[in-house]
Amino acid sequence: MTAIIACFFCMTCHAATEKRGDVVNFSLGKYGCTPNLDNSMASANLAPSAMIDKSCINFQYNNSYFLPQIGFSDINLHLALKKLNIGFYFNHYGFSEYAEFSAGISFSKFFAPWFAFNLAGEYCGFYLSKEEGVASSGMAHLSLLAFPVKNLCIGLSLYNISFSKLKTAFQDIPMPSRFTLGISYDFTRKALLSCEFGKELRGPVYYAVGLEYMPVKQFVLRTGIGGEDDNVMPCGGFGLRLGIFGIDFGVKYHFKLGLSMAAGIKFSFKK
C-alpha cells in the first residue's frame, strides 16, 4: 500500500513539474532552457524571463492527454524593471476540486550581452487524502544563460536545488529534482534551432529538438520532437502577435497516451 501511494505521488509531482513547459516550449517539446525566437511566454522560473523587456501578463491552459487529473491552468505576471525582472505565477493543476496548486516568485537579471540568471522560490500543495488533506512543500530553482559568441546561447536550469520533500503519514517523498542543459542558435533572426537534454535524479534522460521560424514579424511557426527512453513525442504550434496582444497554440502527441493541447494569451502593458 505504501509503495502504491508513493508511486502515485511521484507521478503527480512529475505531472506538476510539466507546467514549467509553457505554451511556446510545449510546441517545441522542451522546458525552455534557452530563450525563444520572440522571447514570448517565457516560464516564470527560468532564466529566459530575464530577456523580457516589456511587462506582461500570461494566461494559459494545458489539456494533458484530455485527462483533467494531469492538466493545468496558469497565470503569470512578469515585471520588466530597470535593475531586474520579477515574475509572479500561480498554477492550478491535477485534481482541481482538491485545491492542488503551486505559487511562486522569481528574480532574473540580464547582464548584456554575456550572461543572465534567474532565482525562484515556489510553494506547492498536493492532495493526500480526506484525513490528511493537502500536503505542501517549498522549493528553490536556479537557471543560468550564457552567450559566448554571437547568435549562440547555452542554458542551464536546476529545478528544486533545495531537494525538498513532501511529508506524508507514510514517508517523506522527494520532490522532483531536475537539471536541464540546452543550446540554441539563431540563424537569421527568423529561424532558431534549439536542443535540450535533462534528467530527474530518479528518472530517465529526456531530450528535445525544436525549430522556430518567423516568416513575418507577427507570426511564428514552431515544430519539434521530445521524449525519454522510447517515448517519442512530435510537437507543433504557432504564435500570433497583434500589437500588445499575443496568442499561442500548441499540440503534442504521445503514441500511447494520445494528444495534448495547450493555448495561451499574452497581454503586454506597453508597446
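These figures come from a predicted structure and were not determined experimentally.

**Re the overall build of the chain**
A tally of regular secondary structure across the chain gives two helices and 16 strands. The buried share among the 271 residues of the chain stands at 50%. Of all intrachain contacts in the chain linking residues separated by at least 6 positions in sequence, the fraction that spans at least 24 positions is 45%. A total accessible area of about 12900 Å² is found for the chain, and carbon and sulfur atoms account for 70% of it.

**Brief notes about the pattern of salt bridges**
For the coordinates displayed, the defined rule picks out three salt bridges. Glu212 is the partner of Arg222 in a salt bridge, and the nearest nitrogen-oxygen pair spans 3.5 Å. A residue pair is termed long-range when its members are at least 10 positions apart, and Arg222 in strand S13 (residues 219–228) and Glu212 in strand S12 (residues 205–216) qualify at ten residues. Relative accessible area serves as the criterion here: at 4%, Arg222 is assigned to the buried category. In this structure, a network of salt bridges that share partners links the residues Glu212, Arg222, Arg241 and Asp248.

**Quick look at the confidence of the model for the chain**
Averaged over every residue, the pLDDT of the chain is 80; residues scoring 70 or more account for 83%. Here residues 1–20 is modelled with pLDDT under 50, and outside its nearest four sequence neighbours on either side it reaches 43 contacts, counting other chains as well.

**A short note on the side chain of Asp186**
Tracing the backbone through its elements, the reader meets Asp186 in strand S10 (residues 178–186). Excluding anything up to four places from it in sequence, Asp186 contacts Leu37, Asn151, Ala191 and Leu192.

**Notes on unusual backbone geometry**
Here Ala112 and Pro113 are connected by a cis peptide whose omega angle stands at 0°. For Pro113, the position within the fold is in the loop between strand S4 (101–111) and strand S5 (115–129). Phi at Asn160 takes a positive value of approximately 65°, unusual for a residue other than glycine. If you trace the backbone, Asn160 turns up in the loop between strand S7 (152–159) and strand S8 (165–167). Phi angles above zero are rare outside glycine, and Phe163 is one such case at about 50°. Here Phe163 lies in the loop between S7 and S8. Exposure remark for Phe163: the relative accessible area of 53% places this residue in the exposed category.

**Quick look at the packing of aromatic side chains**
Each pair of aromatic rings is reported with the distance of its centres and the angle of its planes. If you walk through the whole model with that rule in mind, you get nine aromatic pairs. A ring pair is formed by Phe111 and Phe117, whose centres lie 6.3 Å apart and whose planes are at 20°; its orientation type is stacked. Taken together, a centroid distance of 5.6 Å and an interplanar angle of 90° make the contact between Phe267 and Phe269 edge-to-face. The rings of Phe111, Phe115 and Phe117 are connected pair by pair, giving a single aromatic cluster.

**Observations regarding the pairing of strand S2 (residues 72–80)**
Looking at chain direction, strand S1 (residues 56–63) and S2 are connected through seven bridges and run antiparallel. Counterpart to Gln60 in the pairing with S2 is Asp74. Relative to strand S3 (residues 85–93), S2 runs antiparallel, the two sharing nine bridges. What sits directly across from Ile75, in S3, is Phe90. What sits between the antiparallel neighbours S2 and S3 is a turn of four residues.

**Points about the environment of Leu28**
Note that Leu28 resides in helix H2 (residues 23–28). For Leu28, a relative accessible area of 0% corresponds to the buried category. It is 6.4 Å that separates the C-alpha atoms of Leu28 and Gly236, two residues lying 208 residues apart in sequence. Beyond its immediate sequence surroundings of up to four residues, Leu28 is in contact with Asn36, Ala208, Val209, Gly210, Leu211, Glu212, Arg222, Thr223, Gly224, Ile225 and Cys235.

Criteria and thresholds
Numbering of residues starts from 1 in each chain and follows the order in which that chain's sequence is written. In keeping with the model being predicted, local features are shown solely for residues with a pLDDT of at least 70 and side-chain atom pairs are shown and tallied solely at 80 or more, while totals for entire chains, interfaces and linings include all residues. Side-chain descriptors were evaluated using all non-hydrogen atoms of the structure, hydrogens and water having been removed beforehand. Each helix is a run of H or I in the DSSP string that is no shorter than four residues. Each strand is a run of E no shorter than two, and both are numbered from the N terminus. For every residue, the accessible area obtained with a 1.4 Å probe (protein chains only) is divided by the maximum for its type, and the residue is called buried under 20%, exposed over 50%, and partly exposed between those limits. Note on definitions: a residue-residue contact is assigned when non-hydrogen atoms from the two residues lie within 4.5 Å. The method behind every accessible area is Shrake-Rupley, applied with a 1.4 Å probe, and residues are considered shielded solely by the protein chains displayed. Counted as salt bridges are all cases of a side-chain nitrogen of Lys or Arg within 4 Å of a carboxyl oxygen of Asp or Glu. Within a predicted model, pLDDT stands for the predictor's per-residue confidence, ranging from 0 to 100. Only rings of Phe, Tyr and Trp enter the pairing, Trp through its six-membered ring, and a pair is recorded when the two centres are within 6.5 Å. The plane angle decides the type: under 30 degrees is stacked, over 60 is edge-to-face, the rest tilted. Paired strands are those between which DSSP finds at least two bridges.

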